[in-house]
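Secondary and tertiary structure notes
Single-letter residue listing:
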Amino acid sequence: MADDDSDHKIERRRGPSTSTLSFSGIIAVAGLLASGVATYNAVQNDIASLKRGELYQERTNERLSEELKSVRVEQRETMKEFNEKLDRIIDQWARGRKQ
């Protein structure tokens, strides 16, 4: 009977087969690759957005600088006119007081 038991005992491998491991490895590498590509694309999009924002900010700063220059010129002209009018009023008031 001992011989019968030894004939029926066939050594079986346990765990996943080599082909299963290879397939799992391929899927894992493909997943990592896809994740890397997605991360790369996200970073590239972020960089492009930052560059667009930078360019927009530069253009906005240039436009605002020009507007400020224009406003300063207008302000100087207005103050000059105001001072001239004020000088005339002071001169007229001073002449009126002398008489």
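Look up a bit, the structure's there.
This report concerns the structure included in the present document. (Residues numbered from 1 in each chain as written. Predicted model: local features only at pLDDT ≥ 70, side-chain atom pairs only at ≥ 80, totals over all residues. Heavy atoms only, no water.)

It is worth spelling out a negative patch on the surface at this point. Side chains of Glu74, Glu77, Glu81, Glu84, Asp87 and Asp91 sit close together on the surface and give a patch of like negative charge. In this structure, glutamate 77 sits in helix 2 (residues 18–98). Here glutamate 77 falls in the partly exposed class, since its relative accessible area comes to 46%. (Patch = residues over 30% accessible without salt bridge, like charges linked within 9 Å, V, L, I, M, F, W, Y side chains within 5 Å. Areas by Shrake-Rupley, 256 points an atom, 1.4 Å probe, with all protein chains shown as cover. Salt bridge = Lys/Arg side-chain N within 4 Å of Asp/Glu carboxyl O. Lys, Arg positive; Asp, Glu negative; His and termini not counted. Charge placed at Lys NZ, Arg CZ, Asp CG, Glu CD. Helix = DSSP H or I, 4+ residues; strand = E, 2+ residues; numbered from the N terminus. Buried < 20%, exposed > 50% of the residue type's maximum accessible area, 1.4 Å probe, protein only.)

It is worth spelling out the pattern of salt bridges at this point. Counted by the stated rule, this structure contains 2 salt bridges. In this structure, glutamate 66 engages lysine 69 in a salt bridge whose closest nitrogen and oxygen atoms are separated by 3.7 Å. Remark: lysine 69 and glutamate 66 occur in helix 2; sequence separation between them is 3 residues, near one turn of the helix. By relative accessible area, lysine 69 is classed as partly exposed at 49%.

Let us look at a nonpolar patch on the surface. Nonpolar side chains collect at one region of the surface, where Met79, Phe82, Leu86 and Ile90 lie side by side and expose about 370 Å² of accessible area between them. Within the fold, methionine 79 resides in helix 2.

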